[in-house]
Amino acid sequence: MRIIQLVQKNQARGAEIFTAWLSEELKDLGHQVLLVSLFEGNFELPFSGKLIRLNRKKENRFWDYKGWKKFNEIVQDFKPDLVQANGGDTLKFAVVSKKLFRESYKLVFNNGGLVSTYMTSLAHRVFNRFLFRNTDAFVSVSKYTKKDLDQFLEANKKHKIIPIGLQISFFDHLANKSSFPVIVQIAGFTHEKNHQGSLRIFARFQEKYPASQLWFIGDGPEKATIEREVEKIEFKSQIKFLGSLSQPFNRIPENAILILPSISEGLPAVLLEAFFARIPVVAYGVGGIPEVLVDRENGFLASPNDEKQFYEALEQCFQMDEVTKKSLLDRAQKTVIENYTIAQVAKKYLGFHSELCG
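Residues numbered from 1 in each chain as written. Predicted model: local features only at pLDDT ≥ 70, side-chain atom pairs only at ≥ 80, totals over all residues. Heavy atoms only, no water.

A.B. asks: What should I look at first to understand the overall build of the chain in this one?
C.D. replies: Within the chain, the regular secondary structure consists of 11 helices and 13 strands. Taken over the C-alpha trace, the chain has a radius of gyration of 21 Å; the compact-globule value for 358 residues is 21 Å, and the two agree within 12%. On the principal axes, the C-alpha backbone points of the chain span a range of 65 × 40 × 40 Å. Across the 358 residues of the chain, 54% fall into the buried class. Of the contacts formed within the chain by residues at least 6 apart in sequence, a portion of 67% connects residues at least 24 apart. Roughly 16,100 Å² of accessible area belongs to the chain as shown, and the carbon and sulfur atoms make up 49% of that amount. If the 48 positive side-chain charges of the chain are averaged to one point and the 41 negative ones to another, these points end up 5 Å apart. (Helix = DSSP H or I, 4+ residues; strand = E, 2+ residues; numbered from the N terminus. Rg over C-alpha atoms; globule rule 2.2 N^0.38 Å. Buried < 20%, exposed > 50% of the residue type's maximum accessible area, 1.4 Å probe, protein only. Contact = heavy atoms within 4.5 Å. Areas by Shrake-Rupley, 256 points an atom, 1.4 Å probe, with all protein chains shown as cover. Lys, Arg positive; Asp, Glu negative; His and termini not counted. Charge placed at Lys NZ, Arg CZ, Asp CG, Glu CD.)

Okay, structure coming up:
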């Protein structure tokens, strides 16, 4: 099978890294895979095959004839059986190009988030329904994201749940144990990731554990806003901004705790990464998270937006004895090994792609 995987840009973000891992696995299974990125980015994605950077300007994404034409030339040369659009602006780009140049490949949209969050107006709903009508099939990462997307789809559209998967060899080691408590959030600085909530929760935590630190790993449009907020905080020296890291778990101490205080989520890759890396997780039960994280079994779950409950779960996680902690982390790692490796997930994609292409 000949497959083009389309990503937003070369960046150290879960959607792009997962797509690169998936492309590598499909290539190793004997299929011809081409990875294409839309916008400018300088991160080296973990893919050993051919990667084409279109380097389009994001501000031109609503009208980019040269970009669509350039992609059509790639399609004419590669002759794919299938193109998979992976989040962001990739579906819009692929649909317009396919319609404009009457391309015949099958188009799949890999839905990793909540579509309803950006259906904020009638114009958005009309335009996105146009995109969905011109897409052949859909993959969602969780039951929750599938249910969210289904309300906007025609009844006869193929739609399958396939979770994200981890490339296990990507995780080699953790940093040494720190002498102080470390709370970590790995997420892009966007509204739904709720960094403001992290600051409020950490404010309570550091009152009881004054030597503790909060580490933010990631980048994004709201980073400068959070940095300004931190400047006003009395304990600002305890809050660190580490930027975007390609392998963050190599920097995180083995005694750290990962927090996921998100307002909305699909199925965050960082949750599975923490499970495999044996870092305990405290999260709100939003989106697809409760489909993977079972409270007190392989992590700690709080009711959505209940900061008091989240803080209490964080403190309980921190106070676990070593025997309890080992048992919880064993179950968390087993969750990934049995259900979420890239090898397992790639076979599910391959089965769905084969069914779609006949």
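Moving on, there is more to tell.
A.B. asks: Explain the sheet that holds strand E9 (residues 213-217) to me, please; I cannot follow it from the model alone.
C.D. replies: Strand-to-strand pairing in sheets goes through backbone hydrogen bonds, with the strands running parallel or antiparallel. Spatially, E10-E9-E8-E11-E12-E13 is the arrangement adopted by the six strands of the open sheet, whose pairing is parallel. Both outer strands of the open sheet, strand E10 (239-243) and strand E13 (300-302), are each paired with one neighbouring strand and no more. Strand-to-strand, the axes of this sheet are offset by a mean angle of 20 degrees, without reference to chain direction. The pairing of strand E12 (residues 281-284) with E13 spans three bridges and is classified as parallel. Its bridge partner being in E13, Ala-283 is matched across the sheet by Leu-301. Those strands touched by helix H6 (residues 195-208) are strand E8 (182-186), E9, E10, strand E11 (257-260) and E12, and its axis lies near 165 degrees from that of E9. Where helix H9 (residues 307-318) meets the sheet, its contacts fall on E8, E11, E12 and E13, and the angle it forms with E12 comes to roughly 170 degrees. (Pairing = 2+ DSSP bridges. Axes fitted to C-alpha atoms, helices over the stretch in contact; angles between N-to-C directions.)

A.B. asks: Can you help me understand the environment of Gly-188 in this one?
C.D. replies: Structurally, Gly-188 can be placed in the loop between E8 and H6. Distance from Gly-188 to Val-282, taken between C-alpha atoms, is 18 Å for residues 94 residues apart in sequence. For Gly-188, the residues in contact, after removing those within four places along its chain, are Lys-193, His-195 and Asp-219.

A.B. asks: So what exactly am I meant to see when it comes to the nonpolar core here?
C.D. replies: It is characteristic of soluble globular proteins that their nonpolar side chains tend to be buried jointly. Grouped together as the largest cluster of nonpolar side chains are 89 residues, with contacts concentrated most on Val-184, Ile-239, Phe-249, Leu-258, Val-281 and Val-282. The biggest single contributor to this core is helix H8 (residues 269-277), with eight residues. Ignoring any residue separated from it by four or fewer positions in sequence, one finds Val-184 in contact with Trp-215, Ile-217, Ile-252, Ala-256, Ile-257, Leu-258 and Ile-259. One finds Trp-68, Phe-71, Ile-74 and Leu-91 within the second-largest nonpolar core, a separate group that totals 31 residues. (Core = buried A, V, L, I, M, F, W, Y, C linked by side-chain atoms within 4.5 Å.)

A.B. asks: Please explain the pattern of salt bridges as it appears in this structure.
C.D. replies: Side chains carrying opposite charge are able to pair once their charged atoms draw close together. Going through the model one piece at a time under the given rule, you end up with 22 salt bridges. Arg-56 serves as the salt-bridge partner of Asp-64, at 2.9 Å between the closest nitrogen and oxygen. Here Lys-98 makes a salt bridge to Asp-136, at a shortest N to O gap of 3.0 Å. You can see Lys-98 sitting in helix H3 (residues 90-101) and its partner Asp-136 sitting in the loop between helix H4 (122-133) and strand E6 (137-140), a full 38 residues away along the chain. Salt bridges sharing partners connect three or more residues here, namely Glu-24, Lys-27 and Asp-28. (Salt bridge = Lys/Arg side-chain N within 4 Å of Asp/Glu carboxyl O.)

A.B. asks: Help me out: how do you make sense of the packing of H8 against helix H10 (residues 322-339) in this one?
C.D. replies: Between two packed helices, both the angle of their axes relative to each other and the distance between the axes serve to describe the pair. The geometry of H8 relative to H10 is characterised by a closest axis approach of 7 Å and an angle of 115 degrees between their N-to-C directions. Between H8 and H10 lies a crossing of left-handed hand. For the pair H8 and H10, the contacting residues are Leu-272, Phe-275 and Phe-276 in the first and Ala-332, Gln-333, Thr-335, Val-336 and Ile-337 in the second. Class assignment for the residues of the contact of H8 with H10 results in six nonpolar, two polar and no charged. (Left-handed = near helix turned anticlockwise from the far one by under 90°. Nonpolar A, V, L, I, M, F, W, Y, C, P; charged D, E, K, R; others polar.)

A.B. asks: What exactly am I supposed to notice about the layout of surface pockets here?
C.D. replies: Space left empty within the atom packing is revealed by a probe, the size of a water molecule, rolled over the atoms. In this structure, the second largest pocket spans a volume of roughly 350 Å³. Among the elements of the structure, H9 and H10 are those that each provide at least two residues to the lining of the second largest pocket. In the lining of the second largest pocket, the residues fall into nine nonpolar, one polar and six charged. (1 Å grid on protein atoms, 1.4 Å probe; cavity = no way out; pocket = protein on both sides within 12 Å on 5 of 7 lines; lining within 4 Å. Points joined across faces, edges and corners; volume = space filled by probe spheres on them.)

A.B. asks: Teacher, can you tell me more about the sheet that holds E6 here?
C.D. replies: With parallel pairing, the seven strands of this open sheet are ordered in space as E3-E2-E1-E4-E5-E6-E7. Two strands bound the open sheet, and with one partner strand each, they are strand E3 (51-56) and strand E7 (158-161). Strand-to-strand twist in this sheet, taken as the mean axis angle between neighbours without regard to direction, amounts to 20 degrees. Summarising the sheet, strand E1 (residues 2-9) and strand E4 (residues 82-86) pair through four bridges and their orientation is parallel. Bridge pairing links Ile-4 to Val-83 in E4. Packed on one face of the sheet, helix H1 (residues 14-28) meets E1, strand E2 (32-39), E4 and strand E5 (106-111) and runs near 165 degrees to E1. Here H3 sits on the sheet in contact with E1, E2, E3, E4 and E5, set at roughly 170 degrees to E5.

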